[in-house]
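Listed below are the residues making up each chain.
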Amino acid sequence: MAEMARPVTEEDIHRYVDGQMDPNRRDAVELHLLDDSTDALTVTAYRHQNRLLRESFDSILEERIPEGILAAAVTVRPRYTRPAWVAAAGIVLFVAGAALGWSVKDLGRENIAVASATPDFKAFAISAHRVYTPEVRHPVEVVAAEEQHLVQWLSKRLGHPVKAPALSPLGFELVGGRLLPAADGQPAAHFMYQDKSMRRLTLYVRGATSSEHTAFRFVREDDTAMFYWIDAPLAYALVGSMEREELHRISTTVYEQLSN
Amino acid sequence: MSEKVEAVLREVPRLRRYAVALLSDRSRADDLVQDTLERALSRLNLWQSGTDMRRWLFTIMHNLHVNAVRRSIRRGTETNIDDVEDRLVQAPSQTDSVMVRDLTVAMRELPSEQVEVLVLVALEGLAYREVAQILDIPLGTVM
């Protein structure tokens, strides 16, 4: 009876909405709500807010986990455990993924997809070059002044360290860069360079597997030329509107700077 | 050992939901999840079997988040609202979209501790006591 007599407090209202009510107290609160329209409205508003929160964020539970997150987990060196664990971690992740129903299936499909994705790679790199190089106000998302932040950010998203090559000796200065999509929802890094006569070059970088081709390849589409190569774990495409010889010279510099 | 790693990975979707709700920014949220996983996997032997893995991971994430917030207050924040805006969580339906936008905007303006309470209670369905333990605050401030 004492539970019924105690006045209903704000804490009661919260507990009622959040389903954390002492069952002995429930009747008292429900009786109170019949009587007090302000508190009843508060309950409705809180419930609505909780529902909106779930509707806004619950879809994340169904999303595919970005590979970079898991890749980072694999490379962790456990501080207090035996080294054998390190070697096992990759396998464990793989197996755990299978048990959980995501990454293994996805990774498997991915490997096959990436191995044959070179045409997509070309299309993405050339398309990105054509879309962003004519931009006057927003050619990049992060400007060259924040290069360190840019490189850290893109490295994190790609799951591998990426660098913006220094092309000043060849007359091209870094404008900045952005995160872009690659095939299959994977991330790519995009760096833009510009010379004194405002010619722009772009470097498109995405993750690669060792099963992909590694040789330097050249493609030309109308006035856009591109050299691409794979230096696992990353694939690179340098795109510009210039003669093959000049682009090749720059590509060689980029390759030398970025290869391990 | 593999069971422990598996137990960690099983929580990744929930950790991401928590991080996105907390930060309203996909890329920073994934960075936070990644940092949490790195921290957790490197200290897996500190986790006691039989205790709640989810709670342990949320505690790690909360601590990393609080430290990051402190650092950014000291340094001044680098986030530009224009950068963040289009990465905000998409509204699930037309009718509620305005309210969801208001809600996410409001969440950005709330002190981060309050957002954490809201998210842990409303999304994770955790008991007030558990929330107080994860956030290391008195029970009375959770409600």
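Preceding block: the structure.
Reading guide: rules and limits
- Residues numbered from 1 in each chain as written.
- Chains lettered and ligands numbered in written order.
- Predicted model: local features only at pLDDT ≥ 70, side-chain atom pairs only at ≥ 80, totals over all residues.
- Heavy atoms only, no water.
- Helix = DSSP H or I, 4+ residues; strand = E, 2+ residues; numbered from the N terminus.
- Buried < 20%, exposed > 50% of the residue type's maximum accessible area, 1.4 Å probe, protein only.
- Contact = heavy atoms within 4.5 Å.
- Areas by Shrake-Rupley, 256 points an atom, 1.4 Å probe, with all protein chains shown as cover.
- Phe/Tyr/Trp six-rings, centres within 6.5 Å; stacked < 30°, edge-to-face > 60°.
- Arc of directions from axis to C-beta.
- Pairing = 2+ DSSP bridges.
- Axes fitted to C-alpha atoms, helices over the stretch in contact; angles between N-to-C directions.

So, on to the overall build of chain A. Of the regular secondary structure elements, chain A holds 10 helices and 7 strands. The buried share of chain A, taken over its 260 residues, is 43%. Long-range pairs, those at least 24 residues apart, make up 56% of the contacts in chain A with a sequence separation of at least 6. Put simply, chain A shows about 13,700 Å² of open surface, and 54% of that area lies on carbon and sulfur atoms.

Residue and element names in this part refer to chain A. Taken as a whole and assessed by the stated rule, the structure comprises 4 aromatic pairs over all chains. A centroid spacing of 5.5 Å and a plane angle of 20° characterise the contact between Trp-229 and Tyr-236, whose relative ring orientation is stacked. The buried category is assigned to Trp-229, whose relative accessible area is 1%. On the basis of an interplanar angle of 80° and a centroid distance of 6.2 Å, the ring pair of Trp-229 and Tyr-255 is categorised as edge-to-face. Here Trp-229, found in strand 6 (residues 224-231), pairs with Tyr-255, found in helix 10 (residues 244-258); they are 26 residues apart in sequence, far enough to count as distant. For Tyr-255, a relative accessible area of 33% translates into the label partly exposed.

Once that is clear, we can look at helix 8 (residues 128-135) of chain B. Residue and element names in this part refer to chain B. Taken together, the buried positions of helix 8 are Tyr-128, Val-131, Ala-132, Ile-134 and Leu-135. Buried residues in helix 8, looked at end-on, bunch into an arc of 165°, giving them a common side. Looking one or two residues past helix 8, Asp-136 carries a phi angle of roughly 55°, positive in sign.

Turning our attention to the sheet that holds strand 4 (residues 200-207) of chain A. Residue and element names in this part refer to chain A. If you trace the 7 strands from one edge of the open sheet to the other, you get 1-2-3-4-7-6-5, paired in antiparallel fashion. The open sheet has two edge strands, strand 1 (142-143) and strand 5 (217-221), and neither has a second partner. The sheet contact formed by strand 5 and strand 6 spans 5 bridges and is antiparallel. Residue Arg-217 lies in a different strand from strand 6, and its bridge partner there is Tyr-228. In the packing of helix 9 (residues 147-158) onto the sheet, the strands contacted are strand 1, strand 2 (173-181), strand 3 (187-194), strand 4 and strand 7 (234-240), and the crossing angle to strand 2 comes to about 25°. Packed on one face of the sheet, helix 10 meets strand 4, strand 5, strand 6 and strand 7 and runs near 25° to strand 6.

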